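# Examining the three-dimensional arrangement
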Amino acid sequence: MENMNKPKVISQVVDNDLCIGCGLCTYACDSNALSMDWNNEGFLVPTLSSHCDDDATCISVCPFNPNPEKVVKDEASIANIFLNQDTSIDPKLGRVINTYAGYSKKYRNTSSSGGIATYVFDKLLNQNIVDHIFCVSEGQDAHYDYTVISSPKDLTSSSKTKYYPVTLASVLDELNHLDGKVAIVGVACFVKAIRLAQYHDPSLKEKIPFIIGIICGGVKSKFYTEYLASKVGSESNHIKHPEYRIKDPDSVALDYSFGCVDLNDRHHKRIKMREVGDMWGTGLFKANACDFCEDVATELADISLGDAWIEPYKNDGKGTSIVITRSPLAEQLINNGRTNNELNIEELEIDKVIASQQGSFNHRQDGLYVRLEEAKKKGLPLAKKRHGKKPVSLDIYVVQKLRRLTRKRSLEIWQHVDSAVDFDNKMEKTLSRLRLATKVTHYKRAILRRVKGLVK
Ligand SMILES: Cc1cc2nc3c(=O)[nH]c(=O)nc-3n(C[C@H](O)[C@H](O)[C@H](O)COP(=O)(O)OP(=O)(O)OC[C@H]3O[C@@H](n4cnc5c(N)ncnc54)[C@H](O)[C@@H]3O)c2cc1C
């Protein structure tokens with residue numbers, strides 16, 4: 001390694017902890033000098049494996065490239081290129097044709113939310129729009145990985161949400177060896193990387209005519225899975241088949257469980273996530289890069305899918321999806337499903353779609369102000385952001401700072417403890433401060449709402 005050039009361009013992102021592990025840099029890297037490896041925080045990152053000519057191609061597809069070309073400078077500019085047919089622009093959701101809430105009658109039970117992702121893939125394969133699907137299924141070296149599925153009957157094996165690091169590193173290479181077209185599913189930053197690759201290599205636009213975007217509240221380290229395994233009473237590295245979203249059809253949508261098979265006694269063990277505590281609002285085990293991503297609604301996909309965390313849908317434990325169509329093909333697939341009764345789906349006002357992800361908008365777009373200030377002070381290389389320009393109030397500022405601390409400490413502490421019990425003890429002080437600060441913001445909001453009501 002000593003005689004090798006350092007890949008300066010991609011190390012700007014990796015060394016500054018802004019890499020999300022999408023791995024497209026390894027595909028774009030002319031010299032094939034990059035490969036993916038686990039870092040000490042449980043994320044996949046590119047590492048140098050042979051001589052690097054450092055010609056900057058690899059960073060051109062990086063979603064966190066601090067110096068992008070002007071025409072692809074942010075999600076809005078990239079959407080102008082790829083999603084300009086029949087769309088109108090919403091400042092929070094991006095380019096939109098229509099918005100819905102509903103579920104697939106066939107796939108709801110075997111999916112995380114309403115099963116729309118699996119339904120759309122089924123239609124794409126059955127109507128020969130694509131020949132293969134790149135989706136996330138059980139992996140060989142890791143719990144989960146991107147794999148190729150070419151038959152609709154195999155699709156349910158890839159359904160359900162995996163809160164586990166995956167990478168597209170090998171996917172585009174594989175694409176070159178496959179005949180026909182491919183549809184891909186990904187979270188926002190992965191979808192952005194694919195769009196950037198398509199911008200630089202238009203043949204990829206032909207090859208990948210459809211992208212499903214998974215609305216994402218943050219990518220978790222593999223420590224998250226280890227922690228949950230320990231929570232169910234297993235050794236954290238001695239489990240199989242982790243399942244993150246086991247529904248309770250008799251309860252509300254949020255009342256889901258984590259489960260896995262313990263390799264010691266071969267028993268299936270599970271725990272209700274409400275017993276584990278808040279894993280999302282706290283930032284526990286989250287990638288640093290996610291705190292610098294402002295794309296809540298996966299703005300660059302043909303169709304974006306998330307959970308309908310609003311009334312009345314959230315009361316139904318069987319799960320309901322929110323759907324944002326952004327390309328005519330996506331709109332047509334949803335409309336056909338509605339007409340032929342395969343989907344139980346209704347139009348949903350944009351305001352309600354936003355409300356279903358309100359926490360994520362508050363954190364990722366408004367709260368970004370606090371992290372941009374931090375980045376400026378530390379001299380972190382970041383591309384210009386569209387949000388986070390307005391200063392936040394002191395109470396929100398404190399919550400944001402405590403979330404940053406919680407995120408960082410969780411990744412440090414898990415490296416040095418043996419069990420979830422030790423982890424919980426070591427995190428208690430930080431988490432209780434965050435809980436208190438969060439309560440203050442909630443009280444303040446409630447008082448303001450009441451005062452506004454009186455003034456009216
Ligand atoms: C890391 C992460 C964070 C999320 N955060 C939010 C959130 O804040 N708010 C919200 O409303 N929804 C969030 N979701 C999305 C939600 O959990 C559902 O995945 C989504 O609603 C689709 O549900 P479905 O029933 O239509 O999908 P299903 O029919 O169950 O299919 C799921 C599809 O997603 C793919 N998939 C699973 N895991 C991953 C992964 N890690 N990366 C890429 N593709 C994957 C599968 O291969 C499959 O094709 C998140 C998902 C992930 C993976």
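Being a predicted model, the structure only gives us computed values, none of them experimental. (Residues numbered from 1 in each chain as written. Predicted model: local features only at pLDDT ≥ 70, side-chain atom pairs only at ≥ 80, totals over all residues. Heavy atoms only, no water.)

## What to know about the overall build of the chain
- In terms of helices and strands, the chain carries 15 helices and 15 strands.
- Here the chain has a C-alpha radius of gyration of 21 Å; the compact-globule value for 456 residues is 23 Å, and the two agree.
- Over its C-alpha atoms, taken along the principal directions, the chain stretches across nearly 60 × 60 × 55 Å.
- Taking all 456 residues of the chain together, the buried fraction comes to 55%.
- Contacts in the chain between residues at least 24 apart in sequence constitute 70% of all its contacts with a sequence separation of at least 6. (Helix = DSSP H or I, 4+ residues; strand = E, 2+ residues; numbered from the N terminus. Rg over C-alpha atoms; globule rule 2.2 N^0.38 Å. Buried < 20%, exposed > 50% of the residue type's maximum accessible area, 1.4 Å probe, protein only. Contact = heavy atoms within 4.5 Å.)

## Thoughts on the site of the ligand
- Taken together, 32 residues sit near the ligand, with Ser111, Ser113, Thr118, Ile215 and Asp307 positioned nearest.
- By residue number, the principal contributor to the shell around the ligand is helix α4 (residues 116–126), which donates four residues.
- Split into classes, the residues belonging to the shell around the ligand amount to 13 nonpolar, 15 polar and four charged. (Near = heavy atom within 4 Å. Nonpolar A, V, L, I, M, F, W, Y, C, P; charged D, E, K, R; others polar.)

## Some points on the sheet that holds strand β6 (residues 132–138)
- One open sheet accounts for eight strands, arranged β7-β6-β8-β9-β13-β14-β5-β15; its pairing is mixed. Because the sheet does not close on itself, it has two edges, and the strands there are β7 (144–149) and β15 (343–347). Strand-to-strand twist across the sheet, computed as the mean angle between neighbouring axes with direction ignored, equals 30°.
- Relative to strand β13 (residues 303–307), strand β9 (residues 210–214) is paired through three bridges, and the arrangement is parallel. Bridge pairing in β13 links isoleucine 214 to leucine 305.
- Packed on one face of the sheet, α4 meets β5 (98–104), β6, β8 (182–187), β9, β13, β14 (321–325) and β15 and runs near 175° to β9. (Pairing = 2+ DSSP bridges. Axes fitted to C-alpha atoms, helices over the stretch in contact; angles between N-to-C directions.)

## Concerning the sheet that holds strand β11 (residues 257–262)
- Read from one edge of the open sheet, three strands run β10-β11-β12, paired in antiparallel fashion. Either end of the sheet is taken by a strand with one partner, and the two such strands are β10 (239–246) and β12 (268–272). When the angles between neighbouring strand axes are averaged without regard to direction, this sheet yields 15°.
- By the bridge criterion, five bridges tie β11 to β12 in an arrangement that is antiparallel.

## Brief notes about the packing of aromatic side chains
- Using the criterion set out here, one finds 17 aromatic pairs in the structure.
- Measuring from ring centre to ring centre gives 6.3 Å for tyrosine 163 and tyrosine 224, while their planes differ by 75°; the resulting arrangement is edge-to-face. One end of the pair, tyrosine 163, is in the loop between β7 and α5 (171–176); the other, tyrosine 224, is in helix α8 (residues 222–231), and 61 residues separate them in sequence. Exposure class is identical for tyrosine 163 and tyrosine 224. Each is buried. (Phe/Tyr/Trp six-rings, centres within 6.5 Å; stacked < 30°, edge-to-face > 60°.)

## Thoughts on the pairing of β9
- Of all five residues that make up β9, four are buried, and the element is covered over most of its length.
- Taken together, the five bridges between β8 and β9 define a ladder with parallel strand orientation. Following the sheet pairing, valine 187 is matched in β9 by isoleucine 214.

## Describing helix α10 (residues 328–339)
- Counted at 1.5 Å a residue, the expected span for α10 with its twelve residues is 16 Å, and the 16 Å between its end C-alpha atoms agrees.
- Within α10, burial applies to Ala330, Glu331, Leu333, Ile334 and Gly337. In a view along the axis of α10, the buried residues occupy a sector of 160°, so they form one face of it.
- Where α10 is buried, its residues meet β5, α4, β9, β13, β14 and β15.
- Count one or two residues on from α10 and you reach asparagine 341, which has phi positive near 70°. (Expected span 1.5 Å × (residues − 1). Arc of directions from axis to C-beta.)

## Some words on helix α3 (residues 75–82)
- What α3 keeps buried is the set Glu75, Ser77, Ile78, Ala79 and Phe82.
- Buried-residue contacts for α3 involve β4 (94–96), α6 (188–200) and α7 (203–207).
- Where α3 begins, the side chain of aspartate 74 points an oxygen toward the backbone nitrogen of alanine 76, at a separation of 3.2 Å. (Polar contact = N/O pair within 3.5 Å; in protein donor to acceptor, adjacent residues only side chain to side chain.)

## Let's talk about the pairing of β13
- Within β13, five of the five residues are buried, which leaves the element mostly enclosed by the surrounding structure.
- Where β13 meets β14, five bridges bridge the pair, whose relative direction is antiparallel. Bridging across to β14, glycine 306 finds its partner in isoleucine 322.

## Examining a nonpolar patch on the surface
- A grouping of Tyr443, Ile447, Val451 and Val455 is seen on the molecular surface, where their side chains present a nonpolar patch of about 450 Å² in accessible area.
- Assessed through its relative accessible area of 56%, tyrosine 443 is described here as exposed. (Patch = residues over 30% accessible without salt bridge, like charges linked within 9 Å, V, L, I, M, F, W, Y side chains within 5 Å. Areas by Shrake-Rupley, 256 points an atom, 1.4 Å probe, with all protein chains shown as cover. Salt bridge = Lys/Arg side-chain N within 4 Å of Asp/Glu carboxyl O.)

## With respect to the environment of proline 242
- Within the secondary structure, proline 242 sits in strand β10.
- Since its relative accessible area comes to 1%, proline 242 is described here as buried.
- For the pair proline 242 and glycine 259, spaced 17 residues apart in the sequence, the C-alpha separation amounts to 5.8 Å.
- Contact partners of proline 242, with chain neighbours within four places excluded, come to His143, Tyr144, Thr225, Phe258, Gly259 and Cys260.

## Notes on the domain arrangement of the chain
- One can read the domain layout of the chain as domain 1 (8–61) and domain 2 (71–220 + 283–360).
- Taking the mean C-alpha position of each, domain 1 and domain 2 sit 25 Å from one another.
- Contact with domain 1, which involves 18 residues of that partner, is made by 28 residues of domain 2.
- Summing both partners gives a buried area of about 1700 Å² for domain 1 against domain 2, and 73% of it is carried by carbon and sulfur.
- Summed over the shared surface of domain 1 and domain 2, the result is zero salt bridges.
- At the junction of domain 1 with domain 2, the criterion picks out five residue pairs in polar contact (both at pLDDT 80 or more).
- Of all the elements in the fold, those that place two or more residues in the side of domain 1 that touches domain 2 are α2 (24–28) and β1 (34–38).
- Per-element accounting of the side of domain 1 that touches domain 2 gives the leading share, three residues, to α2.
- Considering only residue class, the side of domain 1 that touches domain 2 consists of eleven nonpolar, six polar and one charged. (Domains from an automatic or database assignment. Buried area = accessible area lost by both parts, 1.4 Å probe.)

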